[in-house]
Amino acid sequence: DIQSERRLALIFDTQVKAAHDFGNWKQGMDPDVLDQFPAQRFIRVVDVTAPRQIHAANEGVVRLKTDLDFWLAMNSPDAGGFGVPWGPWGFNSGMDVEDVERDEAEALGLIEPLAKIQPVERELNDHLSASVQSLSPDVVDWLKVQFGSQIRERDGRVEWTPKK
């Protein structure tokens, strides 16, 4: 029930956490921070009744922050995630990350001593899209007028394409 207080609170809390986690991710991509803390550990912070299989299998795993294939897999829409390399890792996933210092990352063989990691550039709304299949053509046309060239319609979805 999209109008229930519980559902609305979940959506609100998830949106706030998404903004917070993006800010942490963005800060973690600062070259000086990335040099000192090049990796992060995937951790459970809240017990859940039905952990996602991929999360349970990767609990405690340490990967470079720039290992986008891994982080995107942890947040895959196929596993109920949001398709970004930062949290939240899906509604009520109970998962989070913690920074891992360079010494530990080197000991794990993730990075060579003195190696520099290049930061990854991403924006909060990269790949933002929404289905418009249930909307009337008039509503879709209204969205196009309101957002202009910042959106495009493709395959029953409206995609956010902000000006660079």
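The structure we're discussing is the one just above.
Everything numeric in this text was worked out from a predicted model, so none of it was measured.

Draft legend 1. Molecular detail of helix α1 (residues 5–28). Between its first and last C-alpha, α1 extends 34 Å over 24 residues, near the 34 Å set by a 1.5 Å rise per residue. Along α1, the positions that sit buried rather than exposed are Leu10, Thr14, Ala18, Asp21, Phe22, Trp25 and Gly28. Those residues of α1 that are buried are in contact with α2 (31–36) and α4 (68–74).

Draft legend 2. Looking closely at the nonpolar core. Residues Trp25 and Ala39 are the most contacted members of the largest nonpolar core, which totals 15 residues. Elements with a minimum of two residues in this core: α1 and β2 (62–64). What tryptophan 25 contacts, discounting residues up to four positions off in sequence, is Lys65, Leu68, Pro85, Trp86, Val120 and Arg122. With six residues, the next largest nonpolar core counts Phe42, Met74, Trp89 and Met95 among its residues.

Draft legend 3. How the structure looks around the pairing of strand β1 (residues 39–44). β1 sits mainly inside the fold: six of its six residues count as buried. The side-chain alternation of β1 yields two buried faces, one formed by Ala39, Arg41 and Ile43 and the other by Gln40, Phe42 and Arg44. Sheet analysis places β1 next to β2, joined by three bridges and oriented antiparallel. The residue of β2 that forms the bridge with arginine 41 is valine 62. Where β1 meets strand β3 (residues 95–100), six bridges bridge the pair, whose relative direction is antiparallel. Directly across from arginine 44, in β3, lies its bridge partner methionine 95.

Draft legend 4. Quick look at the environment of phenylalanine 82. When you line up the elements, phenylalanine 82 lands in the loop between α4 and β3. Taking C-alpha positions, phenylalanine 82 is 9.8 Å from leucine 128, a pair spaced 46 residues apart along the chain. With residues up to four places along the chain from it excluded, the contact list for phenylalanine 82 reads Thr14, Asn75, Pro88, Gly90 and Phe91.

Conventions adopted
- Residues numbered from 1 in each chain as written.
- Predicted model: local features only at pLDDT ≥ 70, side-chain atom pairs only at ≥ 80, totals over all residues.
- Heavy atoms only, no water.
- Helix = DSSP H or I, 4+ residues; strand = E, 2+ residues; numbered from the N terminus.
- Expected span 1.5 Å × (residues − 1).
- Buried < 20%, exposed > 50% of the residue type's maximum accessible area, 1.4 Å probe, protein only.
- Contact = heavy atoms within 4.5 Å.
- Core = buried A, V, L, I, M, F, W, Y, C linked by side-chain atoms within 4.5 Å.
- Pairing = 2+ DSSP bridges.

From the geometry alone we can't say anything about function, so treat these as descriptive.
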